Structure formats: C-alpha cells, structure tokens
Amino acid sequence: MPVITEHGAKTLPSVEVDSYNLEIRDEDGFVGDRASRGAFNAIMDEWREPLRKLGADPLGDEAIEDVSKKTLDALLADGDHEAAGLVHSAVEAFAQELTHVIHRFLKSASWRGTEAIVVGGGFRQSRVGELAVGRTAVLLKSAGTDVELHLIKNHPDEAGLIGAAHLMPSWTLEGFDGILAVDIGGTNIRTGLVELNLKKSSKLEKAEVWKSELWRHGDEKTKRDEAVERMTDMLKDLLKQAAKAKINLAPVIGVGCPGLINADGSIETGAQNLPGNWQSKGFNLPATIREAIPEIGKHETAVVMHNDAVVQGLSELPTMRTYKHWGALTIGTGLGNVRFTTRSKR
C-alpha cells in the first residue's frame, strides 16, 4: 500500500510529533473530557437549572444541544443583562476547566517545555469560544504559567483540510495545483480540495480551501461502511469539479481522523464517536479510500492518514515556526491534543 509519509508518523516534514491523543485520567475519568463542547453544555445546564425553577431561563425549554453558537453569541451581544450574565458565567466556569486541563497536560513528560498552544475546533469558531480561550490565557498568566495561548488563524472547518498538505514532503507537491483532503470528526465529515499556491509561497503559507463538502453524519443513523462510501463519493465529486476547472491535483489524499493511528493505517483507539466500529482489525480506511479511488490523474493514489488534531495543528505551521515546542488543542465533540517540536533544517 503506497504511502508518502507513514500513517500516524512521529517524524513529519517540518515537525516531530512528540505526543498526540494523550489520555490523562483522574478520579472523574479522562481529564480532556472536562474541556469539550459537551462539557460546556453541561456547565450551561448547571447555570440554567436555578433560573429554570424561577421561570427565568432565557433559553426557555430548549435543550442546550439544540442551541446554536450563533444564539449564544447573540445573547452576549444583544441579550438582556441576565441572559448575557448566564453565558458569561458558563464561559468563566469552562475557562477554569480548560485551565486545569492545560496545567495537567503541561505536567506530562511529552508536554514539558511547551512555549505556545494554538486552540482550534468548532467551539473556537464563536465569540463564546474566543472569550473562553481569552479568559483561559489570563488565568494561565495569573498562575505564573509561561505559555502563550493562540486562536487558530484558519477557520476550523478549513484548518483540518489545509493541514493535510503539511503531511507531505514538499517535493511530492511540486508542479501540482492542489490535493484532496478529508477531515473526519465525531459529528461531521468534510472533504475538500486544497489549493497549494506554491508559486506564492513554497512553505504553503498561502494554501487555501478551493471547495469543500460537508456531511453531518451525527444527524443520521448510519453505519461505518455507509459513511465511508458517502465520504468517497464526496471525494469523487471534488475530482470531477477539479477536472472541469483544470486544476492539476497531486495523486495524494490527506486524511485527518480521530484516534491513535497505526503505521499500517488502522485505528487503535479513540474512534468511539464515529459511526460504527472503525477500530476493527478488518477495517483499514486508507486502503478503502484507495480501492474506491485507485488513480488521480495518471498516477496511482497514495493516502496519508494522521490524527485529526495533528492535521488541524499543522495548518498553523506558517505562524508557529518561531516556537521550538508548541501544541494544539481542538475543542469539539471531544478535546483533541498534540504537541510538536519544530524541526531544524539539516
């Protein structure tokens, strides 16, 4: 099974992956679960409960899972003082939890010496998320923790696609206009065509998503094989659009997927939020994609897969190269995590 970079590789073209998908436990379970979107929803419900008893809950009877990020942002910006106060209270409590989680990560051997952390994931793409990260940065500094906290620059929906280009050695992309990429999450599967724009920047600083397709598998009851078939159909559709637009694609597909990725492309742990059993010994996602799309252009397709937090973190390479040791956290269905060491030029 041809690959350009080993699946789940520790050594990538620009960085060493010191740690990813780190699972730290305490008496309450996995520490990372305290800083996920679900954790924020639970905090909101805790604050809503006393208001609900008084008939003063600004969200009424609506379940917090059905309340959009835009609605919460609107309560902050335009809601009355109590509604805004409710959201601010949840933001503060979540920031306290996120601060605790970061402290626990920084104490682990693989995260020691971390200079900066970039925060992405769907939760970041809201004013509520930005405030939570900003408050966490203040709490870290007030505790004397010497680490910079940054918001991911690219839109989180695109970062998980753009980062796939950084999985490949630069020479494999020379002469091509773009690549296909897949970002698999606990709620969504997104496919995209990433324009490399190597003439503008050989370091992929100008890479951008030309087109993408989104499927919210979390809204449907679907099986694993059906989900993979839907995903490959989305990739084939992008191939047709690229051909029509005369975009010369490299014969590679970069994939970001939750979990611990083995060198053979199997998933060891961490894929429990995906539909069906993706950790089965008889299932190999890169091989399945290659079987569905054996060629791109006139060349045999190569598929490279890594953890989704790794791929999203890689999208920030152009702005994080100044740091020797840095990490990324993605706040979504779960809390993705990765720690990098920037490689020195030989």
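Provided above is the structure to which this section pertains.
The shown structure was predicted, so the numbers you read here are calculated from the model rather than taken from an experiment. (Residues numbered from 1 in each chain as written. Predicted model: local features only at pLDDT ≥ 70, side-chain atom pairs only at ≥ 80, totals over all residues. Heavy atoms only, no water.)

Draft legend 1. Molecular detail of helix α1 (residues 37-53). Taking 1.5 Å of rise per residue, 17 residues should cover 24 Å, and α1 covers 25 Å from first to last C-alpha, within 8% of that figure. Maximal helix bending in α1 amounts to about 30°, located at Trp47; proline Pro50 follows within four positions. All of the buried residues in α1 are Arg37, Ala39, Phe40, Asn41, Ile43, Met44 and Arg48. Just beyond α1, the residue with positive phi is Gly55, at close to 70°. (Helix = DSSP H or I, 4+ residues; strand = E, 2+ residues; numbered from the N terminus. Expected span 1.5 Å × (residues − 1). Bend = angle between axes of the 7 residues up to and from the residue. Buried < 20%, exposed > 50% of the residue type's maximum accessible area, 1.4 Å probe, protein only.)

Draft legend 2. Representation of the packing of helix α2 (residues 69-78) against helix α3 (residues 81-107) within the structure. With their axes 7 Å apart at the nearest point, α2 and α3 run at an angle of 120° to one another. Taken together, α2 and α3 sit at an angle that is classed as oblique. Seen from above, α2 lies across α3 with left-handed handedness. For the pair α2 and α3, contact is made by Leu72, Leu75 and Leu76 and by Ala83, Ala84, Val87 and His88, respectively. Among the residues making up the contact of α2 with α3, the classes are represented as 6 nonpolar, 1 polar and no charged. (Axes fitted to C-alpha atoms, helices over the stretch in contact; angles between N-to-C directions. Parallel < 35°, antiparallel > 145°, perpendicular 65-115°, else oblique. Left-handed = near helix turned anticlockwise from the far one by under 90°. Contact = heavy atoms within 4.5 Å. Nonpolar A, V, L, I, M, F, W, Y, C, P; charged D, E, K, R; others polar.)

Draft legend 3. Spotlight on the packing of α2 against helix α4 (residues 127-142). Contact pair α2 / α4: the axes reach a minimum separation of 8 Å and the direction vectors enclose 70°. With respect to each other, α2 and α4 are oriented roughly perpendicular. Within the contact between the two elements, α2 uses Leu72, Asp73 and Leu76 and α4 uses Arg127, Val128 and Leu131. Among the residues making up the contact of α2 with α4, the classes are represented as 4 nonpolar, no polar and 2 charged.

Draft legend 4. The arrangement of the pairing of strand β12 (residues 302-307) in detail. Most of β12 sits out of view: 6 of its 6 residues are buried. When strand β9 (residues 249-257) meets β12, the two strands line up parallel, connected through 6 bridges. Along β12, the bridge assignment pairs Gly256 with His306. (Pairing = 2+ DSSP bridges.)

Draft legend 5. Spotlight on the pattern of salt bridges. In total, this model carries 17 salt bridges according to the counting rule given. Linking Arg339 and Asp18 is a salt bridge whose minimum nitrogen-to-oxygen distance equals 2.9 Å. Of this pair, Arg339 sits in strand β14 (residues 335-342) while Asp18 sits in strand β1 (residues 15-20); the two residues are 321 residues apart in sequence, bridging distant segments of the chain. Here Arg339 falls in the buried class, since its relative accessible area comes to 5%. Each member of the salt-bridge network shares a partner with another, and the members are Asp45, Arg48, Glu49, Arg52 and Asp57. (Salt bridge = Lys/Arg side-chain N within 4 Å of Asp/Glu carboxyl O.)

Draft legend 6. Summary view of the packing of aromatic side chains. Tallied over the entire structure, the rule returns 6 aromatic pairs. Ring centres of Phe40 and Phe123 lie 5.1 Å apart, and the angle between their planes is 50°; on these two criteria the pair is classed as tilted. Placement of the pair is Phe40 in helix α1 and Phe123 in the loop between β4 (116-120) and α4, with a sequence separation of 83 residues. Of the two residues examined, Phe40 and Phe123, each falls in the buried class. Measuring from ring centre to ring centre gives 5.2 Å for Phe105 and Trp111, while their planes differ by 35°; the resulting arrangement is tilted. In textbook terms, an aromatic cluster arises when at least three aromatic residues are bridged by ring pairs, as seen for Phe40, Phe94 and Phe123. A cation sits over an aromatic face here: Arg25 above Phe30, 4.0 Å from the ring centre. Lys211 extends its terminal NZ or CZ atom over the ring of Trp210, reaching a point 5.0 Å from the ring centre. (Phe/Tyr/Trp six-rings, centres within 6.5 Å; stacked < 30°, edge-to-face > 60°. Lys NZ or Arg CZ within 6 Å of the ring centre and 35° of its normal.)

Draft legend 7. Quick look at the sheet that holds strand β6 (residues 178-184). Sheet architecture is open: 5 strands sit in the order β8-β7-β6-β9-β12, paired in mixed fashion. Both outer strands of the open sheet, β8 (208-215) and β12, are each paired with one neighbouring strand and no more. The mean angle between the axes of side-by-side strands here comes to 20°, regardless of whether they run parallel or antiparallel. Looking at chain direction, strand β7 (residues 189-195) and β8 are connected through 7 bridges and run antiparallel.

Draft legend 8. Here's a closer look at the sheet that holds β1. With mixed pairing, the 5 strands of this open sheet are ordered in space as β1-β14-β13-β4-β5. Across the chains shown, the open sheet's two edge strands, defined by having one partner strand only, are β1 and β5 (148-151). Averaged over all pairs of adjacent strands, the angle between strand axes in this sheet comes to 25°, irrespective of strand direction. When β4 meets β5, the two strands line up parallel, connected through 4 bridges. Paired with Ala116 across the two strands is Glu148, which belongs to β5. On top of the sheet, α4 reaches β4 and β5; it is set at about 170° to β5, its chief contact.

Draft legend 9. Fine view of α2. Turning to α2, its buried residues are Leu72, Asp73, Leu75 and Leu76. Down the axis of α2, the smallest arc covering the buried residues is 155°, so these residues share one side. Exposed and facing more than 90 degrees away from the buried side of α2 are Lys70, Ala77 and Asp78. Looking at the buried positions of α2, the neighbouring elements they touch are α1, α3 and α4. (Arc of directions from axis to C-beta.)

Draft legend 10. Structural view of a negative patch on the surface. On the surface, a cluster of negative charge is made up of Glu226, Glu229, Asp233 and Asp237. Asp237 sits in the partly exposed class, given a relative accessible area of 31%. (Patch = residues over 30% accessible without salt bridge, like charges linked within 9 Å, V, L, I, M, F, W, Y side chains within 5 Å. Areas by Shrake-Rupley, 256 points an atom, 1.4 Å probe, with all protein chains shown as cover. Lys, Arg positive; Asp, Glu negative; His and termini not counted. Charge placed at Lys NZ, Arg CZ, Asp CG, Glu CD.)

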